[in-house]
Amino acid sequence: MANWMRPVGLKARLEGSTRLRFKLFGTAIALLFCIAFLGLCMELVQISAEADQIDKAWVANTRLLGETSDRLSELRLAQAYLVMSTDEGSHAVALRSSEAHRRVLGELRAQFLANELSRSLPGAGEAFASVGRYTEMVRQWESGAQSAPAFSSEFSGKTKDAYERADVAIDNLITNNAAAAHNDATRIRHSSRHLIAVVTTIGMLVLALNVWIMRRLDGALFSPLEAITRALGQLAANRHDVRMPAISHKDELGDLANAFQRFRRNADALEEAYTATKVAEEMAARLARHDALTGLPNRRYLSACIDNPSRHADEERGARYCLFVIDLDHFKPVNDLYGHAGGDLVLCTIADRLRELVGRDDVAARLGGDEFAVMARIENDAGGAGARQLAERIGDLIRMPIKIGHSEVEVGASIGVALSGRDGQDAESLLRAADAAMYRVKSRRCGGGYQFFEESMRDELRREAELEVDVRAAIGSQSIQPHYQPLVDLCSKHVYGFEILARWKRPTQGEVSPDVFIPVVERLGLMTTFTLSILKRACREAGNWPAHLSLALNISPCQLIDPLLPSQLLAVLGEESFDPNRLEIEITESALVGNLVTAKANIANFRRWGIRVSLDDFGTGYSSLHHLRELRFDKVKIDKSFVQTMLSDSESARIVDAILNLSSGLGLLALAEGIENEDIERALSKRGCAYGQGFLFGKAVAGDRVLALLSAEEGERRSSVSCLT
């Protein structure tokens with residue numbers, strides 16, 4: 001039989017054809033590579049999904065656990081208020097606050113345990129069981145204890161133990177949460193390293209095969225394979241910017257190039273997922289322990305450092321630790337003049353200075369707002385000398401000028417100092433003691449400096465808390481009453497209106513000065529509620545007076561920058577059918593330093609509705625001719641400090657003359673405050689002052705005595721007329 005007629009076997013065909021051998025070999029390699037590639041892609045998809053799940057779950061857990069810890073502390077504080085409550089009002093307020101915190105704790109528990117990943121955390125069930133036991137114990141304690149001794153005993157006994165167990169359990173759960181996030185991130189990191197190792201191995205195999213194949217292929221096939229191998233080697237070396245050159249082949253080489261492009265994109269996705277996981281992990285840990293603006297540790301981190309067992313052990317060996325709570329002085333004017341960007345620059349500069357000041361084992365923290373703290377170990381602190389030196393250094397650093405644009409500003413510091421062991425052992429007691437000492441510094445006339453905590457301050461803290469409770473209750477029950485001081489026309493000697501003044505008789509201590517309770521109202525954020533309530537009652541009482549009598553109402557600086565204030569006041573006038581033309585708003589000069597744009601808009605709205613606007617205490621604040629021109633006041637009130645000394649102090653007399661001349665030139669009316677005798681009245685009338693106010697014409701009286709005061713004033717006027725005739 002002829003050779004061409006013999007059947008040709010596969011082996012013979014492979015031996016006789018290099019092209020066929022290469023095709024079969026290439027086919028086998030391609031199949032293996034595709035299988036490996038599919039496996040790698042599936043691994044990438046799984047890792048990416050796990051990274052997304054970890055990013056969502058652990059960050060959410062961190063927020064929920066942080067809020068749970070904060071609510072536990074606030075529930076404990078509500079217990080303290082309940083123990084300190086002295087009347088039914090404060091008792092009820094504390095109970096409502098406690099109930100709200102318990103409810104929120106229950107909601108947080110449900111949110112946390114709704115996630116299967118959260119429930120799998122070690123200690124999750126026990127931690128929230130501890131929280132539940134504590135909240136239930138608080139509820140039973142509130143409903144069962146009836147006397148103050150019982151409250152105090154339970155407060156410092158069982159409920160304290162339950163609170164500490166719950167707080168420790170939540171802190172442990174926070175630690176477990178962070179550890180779980182770290183473990184998952186580590187697992188993803190190991191998977192990515194394994195994946196890179198596999199990719200590198202595949203690359204090396206392809207490179208070796210390419211060396212063998214290059215000897216047998218022509219130039220048309222060699223160049224594409226060389227380009228693919230080079231690109232794959234670069235990717236294996238973590239070069240993620242590599243790009244595959246264009247290949248026009250429609251065979252396996254083209255498929256390989258396309259597969260490489262898909263593989264490179266998936267590798268980029270893996271890198272992004274890994275980076276996102278690391279960023280989320282670091283961000284969660286930082287947000288839980290650090291201040292976002294300054295980068296300093298926050299109150300939670302500082303408290304953890306104070307309560308660290310190693311510090312207590314260090315103290316037992318003779319070390320001395322001091323806590324400095326620092327509140328910036330004159331910071332608000334910086335914010336007012338330079339805006340929040342300028343204020344943030346000051347805060348960050350102060351933070352950098354404190355960070356450089358403290359030692360390696362010390363902590364500088366931002367507690368919030370313009371308040372900072374330093375926890376420092378003091379060596380050789382005989383008699384507190386070391387703590388005093390450090391307090392002075394802190395004050396000197398803060399007082400150094402800070403450059404904002406082309407200007408320099410200076411802020412001061414009020415520093416409260418508490419000594420660990422003497423003034424408290426845990427974070428809560430030490431921070432409370434240092435705060436009390438700091439507020440003692442703030443209360444001084446000149447402010448600034450430092451103050452060590454003293455035992456007498458504990459009573460002040462208690463009295464301040466009681467005052468806040470009583471003020472809140474007084475506003476709720478409308479116990480703070482409007483009184484009315486006459487405003488007199490100095491030419492006719494007639495009363496043309498009354499200024500509304502707030503008066504409060506505290507149940508336990510009698511009359512309380514407005515200088516004492518008004519700042520508390522502002523601090524509690526109740527100024528608008530209080531003002532609207534006072535105005536409503538004043539309009540109701542003034543409805544029984546002669547229609548020509550007006551009312552003057554003082555507005556605090558914080559209210560003047562509220563764009564809703566004009567509509568709120570107008571709503572009260574409408575409800576009481578009180579003519580807006582009978583109302584006069586009095587604004588202090590300090591109110592104009594804030595948001596001048598909003599203040600100008602509010603004043604324009606007052607005038608549009610017929611409400612007059614006066615500038616109160618003129619000459620004592622920050623007003624300028626620009627303010628008088630732009631804001632279009634109807635009247636200026638000369639401060640009583642100038643009026644009462646104008647007959648004995650030539651400088652005060654010149655100031656009064658200047659204000660009267662200025663108001664006359666601008667077409668403004670002038671009212672003098674603090675007129676207490678006829679000599680001052682005659683001097684003001686001679687100078688052309690139109691209106692007056694003071695004890696000479698009458699003190700502030702309750703609403704039911706206004707008509708009697710008017711009748712007496714009318715009787716005196718008629719008697720004067722009779723004597724003249």
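Residues numbered from 1 in each chain as written. Predicted model: local features only at pLDDT ≥ 70, side-chain atom pairs only at ≥ 80, totals over all residues. Heavy atoms only, no water.

Undergrad: Whenever I open this one, the overall build of the protein chain confuses me. Can you help?
TA: Helix and strand counts for the protein chain come out as 25 helices and 17 strands. Across the 725 residues in the protein chain, those meeting the buried criterion constitute 44%. A separation of at least 24 residues holds for 69% of the contacts in the protein chain among residues at least 6 apart in sequence. Summing over all exposed atoms, the protein chain offers an accessible surface of approximately 37,700 Å²; the carbon and sulfur share of this is 54%. (Helix = DSSP H or I, 4+ residues; strand = E, 2+ residues; numbered from the N terminus. Buried < 20%, exposed > 50% of the residue type's maximum accessible area, 1.4 Å probe, protein only. Contact = heavy atoms within 4.5 Å. Areas by Shrake-Rupley, 256 points an atom, 1.4 Å probe, with all protein chains shown as cover.)

Undergrad: What should I look at first to understand helix H15 (residues 456-477) in this one?
TA: A turn of α-helix holds 3.6 residues, and therefore any two residues three or four places apart point the same way. The terminal C-alpha atoms of H15, which comprises 22 residues, lie 32 Å apart, in line with the 32 Å expected from a rise of 1.5 Å per residue. Looking at H15, one finds that the buried residues are Met457, Ala465, Glu466, Leu467, Asp470, Val471, Ala474 and Ile475. Phi for glutamine 478, located one or two positions after H15, is positive at around 60°. (Expected span 1.5 Å × (residues − 1).)

Undergrad: How should I be thinking about the pairing of strand S2 (residues 363-368) in this particular structure?
TA: Consecutive residues of a regular strand have side chains that alternate between opposite faces of the sheet. With five of its six residues buried, S2 lies for the most part within the structure. Of the pairings in the sheet, the one linking S2 to strand S3 (residues 371-377) comprises five bridges and is antiparallel in character. Looking at the pairing, valine 363 lines up with methionine 375 of S3. What sits between the antiparallel neighbours S2 and S3 is a turn of two residues, in which glycine 369 has the positive phi angle 60°. (Pairing = 2+ DSSP bridges.)

Undergrad: Just to check I follow, could you spell out unusual backbone geometry for this structure?
TA: When glycine is set aside, most residues are seen to have a negative phi, and most peptide bonds are trans. With a phi close to 60°, histidine 330 is a non-glycine residue in the positive phi region. Structurally, histidine 330 can be placed in the loop between strand S1 (321-329) and helix H12 (331-357). Among the residues examined, histidine 330 registers a relative accessible area of 54% and is labelled exposed. In the Ramachandran plot, serine 577 falls in the positive-phi region, its phi being about 55° despite a non-glycine side chain. Considering the arrangement of structural elements, one finds serine 577 in the loop between helix H19 (565-575) and strand S12 (583-588).

Undergrad: Just checking my understanding: could you explain the environment of glycine 342 for this structure?
TA: Its location among the elements puts glycine 342 in helix H12. A residue is classified by how much of its surface remains accessible, and glycine 342, at 5% relative accessible area, is buried. The spatial distance from the C-alpha of glycine 342 to the C-alpha of valine 409 is 9.8 Å, given a sequence separation of 67 residues. Beyond its immediate sequence surroundings of up to four residues, glycine 342 is in contact with Val334 and Ile404.

Undergrad: Could you clarify how one ought to interpret the sheet that holds S2 in this entry?
TA: Hydrogen bonds along the backbone pair up the strands of a sheet, which may run parallel or antiparallel. Ordered in space as S2-S3-S1-S6-S7, the five strands form an open sheet in which the pairing is mixed. In this open sheet, the two strands that pair with only one neighbour each are S2 and strand S7 (449-452). The average angle at which neighbouring strand axes cross in this sheet is 20°, direction not considered. Judged from the eight bridges that link them, S1 and strand S6 (residues 412-419) form a sheet pairing that is antiparallel. Along S6, the bridge assignment pairs leucine 323 with alanine 418. Along the sheet, helix H10 (residues 299-306) makes contact with S1, S2 and S3, crossing S2 at roughly 135°. Running at roughly 140° to S6, helix H14 (residues 427-442) makes contact with S1, S2, S3, S6 and S7 of the sheet. (Axes fitted to C-alpha atoms, helices over the stretch in contact; angles between N-to-C directions.)

Undergrad: How should a nonpolar patch on the surface be read in this particular structure?
TA: Together, Leu77, Tyr81 and Met84 line one region of the surface with nonpolar side chains, adding up to about 250 Å² of accessible area. When you line up the elements, methionine 84 lands in helix H2 (residues 18-84). The exposure class assigned to methionine 84 is partly exposed, which follows from its relative accessible area of 33%. (Patch = residues over 30% accessible without salt bridge, like charges linked within 9 Å, V, L, I, M, F, W, Y side chains within 5 Å. Salt bridge = Lys/Arg side-chain N within 4 Å of Asp/Glu carboxyl O.)

Undergrad: Quick question: what am I supposed to make of the packing of H19 against helix H20 (residues 596-608) here?
TA: Running from amino to carboxyl end, H19 crosses H20 at an angle of 25°, the nearest separation of the two axes being 9 Å. It follows that H19 is roughly parallel to H20 by the angle criterion. Counting all contacts with H19, which are made through Leu565, Pro566 and Leu569, the residues of H20 involved are Asn602, Asn605 and Phe606. Tallied by class, the residues present in the contact of H19 with H20 amount to four nonpolar, two polar and no charged. (Parallel < 35°, antiparallel > 145°, perpendicular 65-115°, else oblique. Nonpolar A, V, L, I, M, F, W, Y, C, P; charged D, E, K, R; others polar.)

Undergrad: Looking at this structure, I do not really get the nonpolar core. What am I missing?
TA: Soluble globular proteins tend to bury their nonpolar side chains together. Grouped together as the largest cluster of nonpolar side chains are 74 residues, with contacts concentrated most on Phe517, Phe530 and Leu684. A per-element tally of this core places helix H17 (residues 527-542) first, with eight residues. Setting aside its immediate chain neighbours within four residues, phenylalanine 517 contacts Val471, Ile480, Ala502, Trp504, Val512 and Phe530. Among the nonpolar cores identified, the runner-up in size contains 33 residues, and Val334, Phe372, Leu390 and Ile394 belong to it. (Core = buried A, V, L, I, M, F, W, Y, C linked by side-chain atoms within 4.5 Å.)

So far we have only geometry, and geometry alone does not tell us how the molecule works.
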